[in-house]
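A structural walkthrough
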Amino acid sequence: MSDGFNWNNFNILADSFIDENDEAKQRTGVSRYYFETFCTARDFLNRNKYYLNNKSKKIMTSNKSDVHNETSKIFRKHKKFNNNEIGKIISKELNKLRKMRNQADYNQINNNIDNMIKKSKIRSERILKLLKKLN
């Protein structure tokens, strides 16, 4: 759960790496876009107590890695988001952003990091705008 850290600071850091000609910095930027977005989404769900059930609540209030999948699942399946497509879009975009983060953190990218960091920024901004609509 959040300790009051401003996750937007990760966005500021990632933005500073977008035009760098340094693969390590750009990979870090992809990762920071994901974590700013994921943590903001997770905190939104916890703040509003949007859980699927008691097991879901336990996962969401823990520090275990299951919270990543649970966050996406709640946006996809919670009754609060059933009447519109926003929850499904957030879930889908968050999963794509996480996949890019995993690729940036663990895989060979083959000269595609410039494109990846720019796409990460776009996905992050899209999700954050949708979260603001839900507030």
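Please read these numbers as outputs of a predicted model, since none were measured by experiment.

Along its length, the chain carries six helices and zero strands. Against the globule reference of 14 Å for 135 residues, the chain gives a C-alpha radius of gyration of 15 Å, in line with a compact fold. In terms of principal-axis extent, the alpha carbons of the chain reach across some 45 × 30 × 25 Å. Each of the 135 residues in the chain was classed as buried or not, and the buried ones make up 47%. For the chain, the exposed area adds up to about 8,000 Å²; of that, 45% sits on carbon and sulfur atoms. Mean positive and mean negative side-chain charge positions of the chain (29 and 15 charges, respectively) differ by 10 Å.

Phe44, Leu45, Phe75, Phe81, Ile90, Leu131 and Leu134 are the most contacted members of the largest nonpolar core, which totals 37 residues. Per-element accounting of this core gives the leading share, nine residues, to helix α2 (residues 23–47).

Turning to the packing of aromatic side chains, a few remarks are in order. One pass over the structure, following the stated rule, counts nine aromatic pairs. Relative to Tyr50, the ring of Phe44 has its centre 5.8 Å away and its plane inclined at 50 degrees; by these criteria the two rings are tilted. Per residue, the accessibility class of Phe44 equals that of Tyr50, and both read buried. Aromatic pair Phe44 and Phe75: ring centres 6.2 Å apart, planes at 15 degrees, arrangement stacked.

On to the pattern of salt bridges, then. As enumerated under the stated definition, the model contains eight salt bridges in all. For the salt bridge of Glu23 with Arg27, the shortest nitrogen-to-oxygen distance reads 2.8 Å. Highlighted residues: Glu23 and Arg27, both in helix α2, separated by four residues, approximately one helical turn. Taking the relative accessible area as the measure of exposure, Glu23 reaches 41% and is therefore partly exposed. Taking the shortest distance from any N to any O, the salt bridge between Arg101 and Asp105 comes out at 3.0 Å. A residue pair is termed a helical-turn pair when its members lie 3 or 4 positions apart in one helix, as Arg101 and Asp105 do in helix α5 (residues 86–106) at four residues.

It is worth spelling out the packing of α5 against helix α6 (residues 113–134) at this point. Look at α5 against α6: their axes get within 10 Å of each other, and the N-to-C directions meet at 150 degrees. In terms of orientation, α5 lies roughly antiparallel with respect to α6. The two elements α5 and α6 cross, and the hand of that crossing is left-handed. Between α5, through Ile86, Ile89, Ile90, Glu93, Leu94, Lys96, Leu97, Met100, Gln103 and Ala104, and α6, the contact on the second element is made entirely by Met116, Lys119, Ser120, Arg123, Ser124, Arg126, Ile127, Leu130, Leu131, Lys133 and Leu134.

Reading the values: rules and limits
- Residues numbered from 1 in each chain as written.
- Predicted model: local features only at pLDDT ≥ 70, side-chain atom pairs only at ≥ 80, totals over all residues.
- Heavy atoms only, no water.
- Helix = DSSP H or I, 4+ residues; strand = E, 2+ residues; numbered from the N terminus.
- Rg over C-alpha atoms; globule rule 2.2 N^0.38 Å.
- Buried < 20%, exposed > 50% of the residue type's maximum accessible area, 1.4 Å probe, protein only.
- Areas by Shrake-Rupley, 256 points an atom, 1.4 Å probe, with all protein chains shown as cover.
- Lys, Arg positive; Asp, Glu negative; His and termini not counted.
- Charge placed at Lys NZ, Arg CZ, Asp CG, Glu CD.
- Core = buried A, V, L, I, M, F, W, Y, C linked by side-chain atoms within 4.5 Å.
- Phe/Tyr/Trp six-rings, centres within 6.5 Å; stacked < 30°, edge-to-face > 60°.
- Salt bridge = Lys/Arg side-chain N within 4 Å of Asp/Glu carboxyl O.
- Axes fitted to C-alpha atoms, helices over the stretch in contact; angles between N-to-C directions.
- Parallel < 35°, antiparallel > 145°, perpendicular 65-115°, else oblique.
- Left-handed = near helix turned anticlockwise from the far one by under 90°.
- Contact = heavy atoms within 4.5 Å.

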